[in-house]
Amino acid sequence: MKYFDLHCDTASECCKKGLGLSYNGLHISLEKTERFERWAQVFAVWISDDLRGEAAFRYFQEVTADFKRKLSAEKGKAPVFCVDGPELEKADSAGKNMALLSIEGGAALGGELSHLNEAWETGVRLMTLTWNGPNELGDGCMTPGADGLARFGKEVVKQMGELGMVVDVSHLSEKGFWDVARLAKGPFVATHSDSKAVEDHPRNLTDDQFREIAQRGGLVGLNLYAPFVGGEGSIDGLLRHAEHFLELGGEGTVAVGADFDGCKLRAEIQGVGDMGLLYDAMRARFGEEIADGIFFRNAYRFFTAAYR
């Protein structure tokens, strides 16, 4: 089984707690991924809603440097750090696992557009514009009376398009989402969001939002967090979200963004080592072709095409 995950907070957790990547007691460790034929992971640097200004950018730099040191320390066991499509294809052809870097929360820029260019040079290829609250870019989905993107946020989206950095709308307010839809040059993604029609939560996507992402050629990653899934966050619940997205024409759009090490898990899946349970359930419900698309092929195709 091949597995491509659009979002985890493992790099941030490892830095905060002084843990390594191989054995760490977290949802994701290299030891737990050995069962996969191939594993690709987008590692996010999470910026909390109480971190702002230059301190937020320095924290991003700290976590990124720590993550790269830990990748290097694994001496061949770690995934290959990739920054473009050819590097992903080379790693995959060589049978290597792959790592990409993202930012969760545009507050990491500290309100400075120049920091976006620095993040790009560091290897960031994807950025979630907000977390739940407001920041310099705009309002998150949990902001009371949430508005859309601020002027700075609109500048950031335009500059991301110039660089080739992908916009991630998970956590963004609905007004902000439609601002992105108007401003983004190409496809954009929601790395870890479920369906609002299945579970009415502010973090989930409306059908119109999902259709917009799908029509633009983007991705939506299924999130395992129980309040977004509904109930206990069971595999059956996740299948309902996947099925609804597929009914909306999302066969090439649906992926996985489990949010490992960024959420508490209650149901059958307690870490990346259990993802085979979800894959088997999807294969039984939707067939192998769709299951393989959701678990690997859709994300791999998107990122190899996006970063040329």
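Residues numbered from 1 in each chain as written. Predicted model: local features only at pLDDT ≥ 70, side-chain atom pairs only at ≥ 80, totals over all residues. Heavy atoms only, no water.

1. Quick word on helix 3 (residues 85-93)
Applicable threshold: Throughout this description, buried means an accessible area under 20% of the type-specific maximum (1.4 Å probe, protein chains only), exposed means over 50%, and partly exposed covers the range between. By the criteria applied, helices consist of DSSP H or I runs no shorter than four residues and strands consist of E runs no shorter than two, each listed in order from the N terminus. Working definition: the arc comes from the directions between the helix axis and the C-beta atoms, pointing outward to the latter. Note on contacts: a residue pair is in contact if any heavy atoms of the two residues lie within 4.5 Å. Polar contact is defined as a pair of N or O atoms within 3.5 Å, subject to the rule that within protein one atom must be able to donate a hydrogen and the other to accept it, and that residues adjacent in sequence are counted only when both atoms are side-chain atoms.
The set of residues buried in helix 3 consists of G85, L88, A91 and D92. Buried positions in helix 3, seen along its axis, are confined to an arc of 130° and lie on one side of it. Every exposed residue of helix 3 that faces more than 90 degrees away from the buried side is listed here: K90 and S93. Residues of helix 3 that are buried in the fold lie against strand 1 (2-8), strand 2 (38-46), strand 3 (80-81), strand 4 (98-104) and helix 11 (288-306). N-cap assignment for helix 3: the residue whose side-chain oxygen lies 2.8 Å from the backbone N of E87 is D84. G95 lies just past helix 3 and shows a positive phi near 75°.

2. Considerations on the nonpolar core
We count it as follows: Residues enter a nonpolar core if they are buried and are Ala, Val, Leu, Ile, Met, Phe, Trp, Tyr or Cys, with the set joined through side-chain atoms within 4.5 Å.
If you look at the biggest cluster of nonpolar residues, it comprises 81 residues, and the most contacted ones within it are Y3, M127, L129, V180, F260, M275 and M282. Apart from the residues within four sequence positions on either side, M127 is in contact with I103, G106, L109, L116, L137, V156, M160, M165, V166, V167 and D168. Counting residues in each nonpolar core, the second largest holds 20 residues, with L6, V189, F303 and Y307 among its members.

3. Description of the pairing of strand 2
On a regular strand, one side chain projects to one face of the sheet and the next to the other, so that they alternate. Here is the rule: The pairing criterion for strands is at least two bridges between them, as found by DSSP.
A large share of strand 2 lies buried, amounting to eight of its nine residues. Bridging between strand 1 and strand 2 involves five bridges; their strand directions are parallel. Residue pairing in the sheet places F4 in a bridge with A40 of strand 2. In this sheet, strand 4 lies alongside strand 2 in parallel orientation, the contact comprising seven bridges. By the bridge assignment for strand 4, V45 is matched with I103.

4. Details of the pattern of salt bridges
In plain terms, the rule: The salt bridge definition used is simple: a Lys or Arg side-chain nitrogen within 4 Å of an Asp or Glu carboxyl oxygen.
In total, this model carries 16 salt bridges according to the counting rule given. Among the salt bridges present, the one from D280 reaches R283, with a minimum N-O distance of 3.3 Å. Taken together, the residues span about one helical turn, with D280 and R283 both in helix 10 (residues 275-286) at a distance of three residues. A salt bridge links R297 to E289; the nearest nitrogen and oxygen atoms lie 3.4 Å apart. Each member of the salt-bridge network shares a partner with another, and the members are K2, R38 and D92.

5. Looking at helix 7 (residues 207-215)
Buried residues of helix 7: Q209, F210, E212 and I213, and no others. In an axial view of helix 7, the angular spread of the buried residues amounts to 160°, which keeps them on one side of the axis. Tucked inside the fold, the buried residues of helix 7 contact helix 6 (174-183), strand 7 (189-190), strand 8 (219-222), helix 9 (235-247) and strand 9 (254-256). Downstream of helix 7 by a residue or two, G217 has a phi angle that is positive, lying close to 85°.

6. So, the packing of helix 2 (residues 53-73) against helix 4 (residues 113-122)
Put simply, the rule is: For every element, the axis is a line fit to its C-alpha atoms; helices are fit only across the contacting stretch, and the angle between N-to-C directions ranges from 0 to 180 degrees. Any angle that is under 35 degrees is reported as roughly parallel, and any over 145 degrees as roughly antiparallel; angles of 65 to 115 degrees are reported as roughly perpendicular and all others as oblique. Charged residues are taken to be Asp, Glu, Lys and Arg, nonpolar residues to be Ala, Val, Leu, Ile, Met, Phe, Trp, Tyr, Cys and Pro, and polar residues to be all remaining types, Gly included.
Remark: helix 2 packs on helix 4, axes separated minimally by 12 Å, with the N-to-C direction vectors making an angle of 5°. As the angle between them shows, helix 2 and helix 4 are arranged roughly parallel. Contact with helix 2, carried on its side by E54, F57, F60, Q61, T64 and K68, involves H115, E118, A119 and T122 of helix 4 and no other residues of that element. Residues of the contact of helix 2 with helix 4, tallied by class, amount to three nonpolar, four polar and three charged.

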